[in-house]
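This is what each chain is made of:
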Amino acid sequence: MSDSAVSSNLWKALVTLSPQAFDPLLGLVGELTGAVTLSLSLTGETAPETTWRGTWADPSVSAEAAVAIQTIELSQNGCWSTLTFAFPQGTPLETDLKRVGQQLWARLLEQLAWEAERRTLRQAHDQLNAVIEAAPLAVYALTLEGLVKQWNRAAEETFGVSQAQAITEGIHDGPLGMAFAALRRSAARENSPIGPHYLQLTQPGGEDVAVALQAAPLPGGLVGTAQRLSPEDTQLLQTRQQLTLLESVLAHANDAVLITEAEPIDQPGPRIVYANAAFTQTTGYTLKDVLGQTPRLLQSPRTDRKVLDKIRYALTHWQSVEVELVNARKDGSEFWVELSIAPVADESGWYTHWISIQRDITERKQFAEHLDRERAQVLELAARNRPLSQVLARLVGTVERQFEASQAAIVLPGEPVEVYTVQGASQAQAQDLWLTAEAQALDISVWTQPFSRHQTGGTGSLILRASSPHLPNADQRIQLETAAQLVALVIDRYDAQAALEHQALYDALTGLPNRTLFERQLGDALKIAQDSGEAVAVGLMDLDRFKLINDTLGHSVGDALLQQVALRLRSVLGSHLHLARMGGDEFLFCLDGMSGAVPISITAERVMEAFRQPFNLVGREVFVQPSIGFSVFPQASNVVEQLIQQADTAMYQAKRRGGGYAVYAVEGHEPLAAMTMESALHRALERREFVLHYQPQWHAQSGQLTGFEALLRWQHPELGLVPPDRFIPLAEVTGLIVPIGAWVLQQACVQAAHWITVAPALRVAVNLSARQFQQPDLIGTVTWALETSGLAPHHLELELTESMLMQVVEAQDTLKRLKALGVRVVLDDFGSGYSNLAYLKQYPIDSLKIDRSFTAGLGGVQASTQQAEALIQAIIQLTHALNLEVTVEGVETPEQLEIVRRHGCEYVQGYFTGRPQPAAQVAKLLPSVLPSSS
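Residues numbered from 1 in each chain as written. Predicted model: local features only at pLDDT ≥ 70, side-chain atom pairs only at ≥ 80, totals over all residues. Heavy atoms only, no water.

Per an unreviewed UniProt entry, the protein goes by the name EAL domain-containing protein and belongs to Deinococcus oregonensis.

Put into structure tokens, the structure is as follows:
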């Protein structure tokens, strides 16, 4: 470089210097020379007006002490320097100041040269940055650690990331972060240019762009460029990538692939233009053998003509087609293929080629044929009801023969788990082996094919231990699926058979055995008992008033009660006793191995104790009382059906006693068994064995006869007059009370219609049972009785009890409808049940009858008489306050009649005033007056 150029560069650097730029040098010279102050001025030859000045002063010495001053002038390369030293007074000048000045001058020129070079480099760097920033191409620089060192405006636009964000936060996430990471790895491994790499980016505005990245390694990092591709370039790039991928797929595919020209469809046919390696391996043809030929060279004499016609139809209509057919290899050997052919069109929609994919399914076909034969044999075994283990062992053997050197098993989850191998049901040790295999899902030598059990909703697995560790191919998977389907078919058949047997032998509601299964179990128990000499007891339990719960709370609640009863019986009787539901609300159980009657009483007491706790139904507590009957083998009978019938008879005996349990006695004094009585009740209506007795009702104050209460009696041809407490409960339980009650109502109306011709004000009272009151056709029955008899409605009184009104939800509506007919409604037996005074106001009642239990206390011991009389008086006064009339039942003495008269009772009824008698006898009372109480 010339001196003028050097001077120019120096002075360009000089003008940028600060006044303190040379302070370190001046300070060093000052210390060496002992100067107090040191001043330096620099002036350029080419620019004399440009002067740089700098001063140094010793901070430890006052400036006023500097009195001796010396100046040195130096010049070089067109630059003058003036160096002024100031020393304290009297300081000897031992230092060669000129030599020191020259040394300082040399150092100054070196520093100026370095400043000039740094300025030049900075300018070059700034110019390069300006060029990069203005460049239309995205430029970025990265360290190997991922720090961003360069990011121009084009990079901001291309990548959608600001320079500030890129430099401060870096680029680590998303597609761009992964691409940069790949570039850094490549830069760390090699020194050659990297790329291009292509990626798709989504701009902040949502636009998708394609970007090409290139980079060059640098020490410790890389510098790269990015270019956004146009839609045309993007499409071309995607096409190239797809072609590359397709070529790779076709080259490595396991299925044979052929590509042919689109035409001609007719002879000789479209020519082959491509065949992959799998095609040549499968058929034995080389690529040279088939190019230019047609696919007809693969046809075999056994190729189905119908399949070929189907292919031809698809080709002529430019449609896709899938078929299975037999092909021939180059050596003439035949093989089955699954063939798929599809047309290929160009951008204009013009069909240019056909592509066909062929999969060798020979093994699958052979296995399917073998499995079809095996299916027929297996189903035949199943039809013969061979054990399931035997049938499944046959299936497992078929699978093992198909997959050579393998072991198979069928696993059915449950408690316990069932495992079937070729030996049948596995033992515990073998089960552990196969269950462990099932859990080893990552072991590729264990293949598991699940299947569904449609009958039970469960699942199962066909497990195969392959001969070598590899995953099954498509054909092997299909073979496993086919075998598993046959396994599922067989198991479903056995499940269906088991379900039918369970349905036939078990109660669907409670899950208990039904009567059929119970009779089998009882028969087995009787055979064992005959050999051992032990006794067997049969218990039959019935729920009292269950029909009432069903009718008042609904059948769903009744079903829930039966389920709870079954659970409670299971807990009481235990699993060692046979328990069954006979039907309805009746349950059966068997006590075997008995040595006497003690187990019966213990078991019965346990059951009764369990039923003392309430049942929780629809949020309310319901108490249910059972009636249990027992019959004992061999004392009663040795026939299953007879033992159950005898237990039923004993149960009805317990029910007539008000619940509890009873044991059937062969020499008992029951003149009519329950089953026989039920049959006799059915015949009684047909044979007109029922008769009505009438008890008179009197007006207490006037003594006039006001009416009769109709009371049912049964005149049995052998037993004579059967009292109501013997047959009415049975009629209620069996439902016979409904037709019997309708007969009573009609007969009473007919009789009353006859009597009112003599006594026009007479009324007849008829009791309605709970079942009658719940019948939907009750209003129709009453209307029919009135119309057929010709009795006016106001002559008829219908008596209902408090408990009936409480148990029937629709009671108020039914009473209103009865009142609308014009009949009178009487609340019977008031005080014997709930004595709910709210009913007197709530329901449309005409009168109430005070129960005989209140009347019985009248006229006895003085203290009790006073209490009974007070109660009678209170009830009568309350009833009158509600504008109701009162009838007192059970009047059996003159004293009782006098008391109820004195308290204003309207009507009386009882043995003193008249016993129930046949219609012919009570007719003599018409007209009549009440007997005197005196």
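### Digging into the overall build of the protein
The following threshold applies: A helix here means a DSSP run of H or I that spans at least four residues, while a strand means a run of E at least two residues long, and both kinds are numbered starting from the N terminus. Contacts are assigned to residue pairs with any non-hydrogen atoms lying within 4.5 Å of each other. Working definition of accessibility: Shrake-Rupley area with a 1.4 Å probe, residue cover restricted to the visible protein chains.
The secondary structure content of the protein amounts to 31 helices and 36 strands. Excluding contacts between residues fewer than 6 apart, the proportion of contacts in the protein whose partners are at least 24 apart in sequence is 61%. Here the protein displays about 47,800 Å² of accessible surface, and carbon together with sulfur accounts for 52% of that area.

### Considerations on the nonpolar core
What counts, and what does not: Each nonpolar core is a collection of buried residues, namely Ala, Val, Leu, Ile, Met, Phe, Trp, Tyr and Cys, held together in the definition by side-chain atoms within 4.5 Å. Classification of residues uses two cut-offs on accessible area relative to the type maximum, computed with a 1.4 Å probe and protein chains only: under 20% is buried, over 50% is exposed, and between them is partly exposed.
Formed by 94 residues in total, the largest nonpolar core has its most connected members in Phe773 and Leu796. Considering every element that reaches this core, the biggest residue donor is helix α22 (residues 737–755), with nine residues. With sequence-adjacent residues up to four places away left out, Leu796 is seen in contact with Leu745, Cys749, Val764, Val766, Val782, Leu786, Leu791, Val823 and Arg824.

### Re the confidence of the model for the protein
Applied cut-off: Every residue carries a pLDDT, the predictor's confidence in it, which falls somewhere between 0 and 100.
With 87% of its residues at a pLDDT of 70 or more, the protein has an overall mean of 82. Mean pLDDT across the elements of the protein ranges from a minimum in helix α13 (residues 428–439), with 52, to a maximum in strand β30 (residues 763–767), with 95.

### Overview of the pattern of salt bridges
A side chain with one charge may pair with a side chain of the opposite charge, provided their charged atoms come close. As a reminder of what qualifies: The rule for a salt bridge is simple: a side-chain nitrogen of Lys or Arg has to be within 4 Å of a carboxyl oxygen of Asp or Glu.
Applying the stated criterion across every chain yields a total of 22 salt bridges. One salt bridge in this structure joins Asp309 and Arg305, with 3.4 Å as the shortest N-O distance. Highlighted residues: Asp309 and Arg305, both in helix α10 (residues 305–316), separated by four residues, approximately one helical turn. Between Glu797 and Arg824 there is a salt bridge, and its shortest N-O distance comes to 2.9 Å. Of this pair, Glu797 sits in strand β31 (residues 796–801) while Arg824 sits in strand β32 (residues 824–830), and the two are 27 residues apart along the sequence. A residue is classified by how much of its surface remains accessible, and Glu797, at 6% relative accessible area, is buried. Via salt bridges that share partners, Glu709, Glu799, Lys849 and Glu889 belong to a single interconnected network.

### Structural notes on the packing of aromatic side chains
As a reminder, the rule being used: Stacked, tilted and edge-to-face are the three classes applied to pairs of Phe, Tyr and Trp rings, where Trp contributes its six-membered ring and a pair requires centres within 6.5 Å; stacked means planes under 30 degrees apart, edge-to-face means over 60, and tilted covers the rest.
Scanning the model with the defined rule gives 18 aromatic pairs in all. Aromatic pair Tyr140 and Phe159: ring centres 6.1 Å apart, planes at 65 degrees, arrangement edge-to-face. Placement of Tyr140 in strand β5 (residues 138–143) and of Phe159 in helix α4 (residues 153–159) is noted, with a sequence separation of 19 residues between them. The class of Phe159 is buried, set by a relative accessible area of 6%.

### A look at the sheet that holds strand β12 (residues 321–328)
Worth spelling out the cut-off: Paired strands are those between which DSSP finds at least two bridges. Structural elements are reduced to axes, namely lines fitted to C-alpha atoms, with helices fitted over the stretch in contact, and the angle between N-to-C directions of any two is expressed from 0 to 180 degrees.
The antiparallel open sheet is built from five strands, whose spatial order is β11-β10-β14-β13-β12. Since the sheet does not close on itself, it has two edges, and those belong to β11 (272–275) and β12, each with one partner. Each adjacent strand pair in this sheet contributes to an overall mean axis angle of 25 degrees, direction not counted. Pairing analysis gives three bridges linking strand β10 (residues 256–261) to β11, with the strands arranged antiparallel. What sits directly across from Ile259, in β11, is Tyr274. Contacting β12, β13 (334–345) and β14 (351–360), α10 crosses the sheet at an angle of about 135 degrees to β12.

### Let's talk about the packing of helix α16 (residues 546–553) against helix α17 (residues 555–573)
Convention followed: Note on terminology: angles under 35 degrees are roughly parallel, angles over 145 are roughly antiparallel, angles of 65 to 115 are roughly perpendicular, and the others are oblique. For this classification, the nonpolar set comprises Ala, Val, Leu, Ile, Met, Phe, Trp, Tyr, Cys and Pro, the charged set comprises Asp, Glu, Lys and Arg, and every other residue, Gly included, is treated as polar.
At a minimum axis separation of 6 Å, α16 and α17 run at an interaxial angle of 140 degrees. With respect to each other, α16 and α17 are oriented oblique. In this structure, α16 uses Phe546, Ile549, Asn550 and Leu553 to contact α17, whose residues at the interface are His555, Val557, Gly558, Leu561 and Leu562. Its residues assigned to classes, the contact of α16 with α17 comprises six nonpolar, three polar and no charged.

### Topic: helix α12 (residues 388–402)
The following threshold applies: By definition here, a helix of n residues has an expected span of 1.5 Å times n minus one.
For α12, which comprises 15 residues, the first-to-last C-alpha distance of 22 Å matches the rise-based estimate of 21 Å (1.5 Å per residue) to within 8%. Looking at α12, one finds that the buried residues are Leu388, Val391, Leu392, Ala393, Leu395, Val396, Gly397, Thr398 and Val399.

### Description of the sheet that holds strand β7 (residues 194–202)
One open sheet holds the five strands; their spatial order is β6-β5-β9-β8-β7, and the pairing between them is antiparallel. Whereas interior strands pair on both sides, the edge strands pair on one side only; in this sheet they are β6 (148–151) and β7. Along the sheet, successive strands turn relative to each other by an average axial angle of 25 degrees, direction set aside. Pairing analysis gives six bridges linking β5 to strand β9 (residues 221–228), with the strands arranged antiparallel. Looking across to β9, one finds that Ala138 is bridged to Ala226.

### Digging into the packing of α12 against helix α14 (residues 474–505)
The packing of two helices is summarised by the inter-axis angle and the distance between the axes. Put simply, α12 and α14 touch, their axes get as near as 11 Å, and they point 175 degrees apart. If you check the angle between α12 and α14, you find them roughly antiparallel. Residues Leu388, Val391, Leu392, Leu395, Val399 and Gln402 of α12 form the contact with α14, whose own contacting residues are Gln479, Ala483, Leu486, Val487, Val490, Ile491 and Tyr494. A class-by-class count of the residues in the contact of α12 with α14 yields 11 nonpolar, two polar and no charged.

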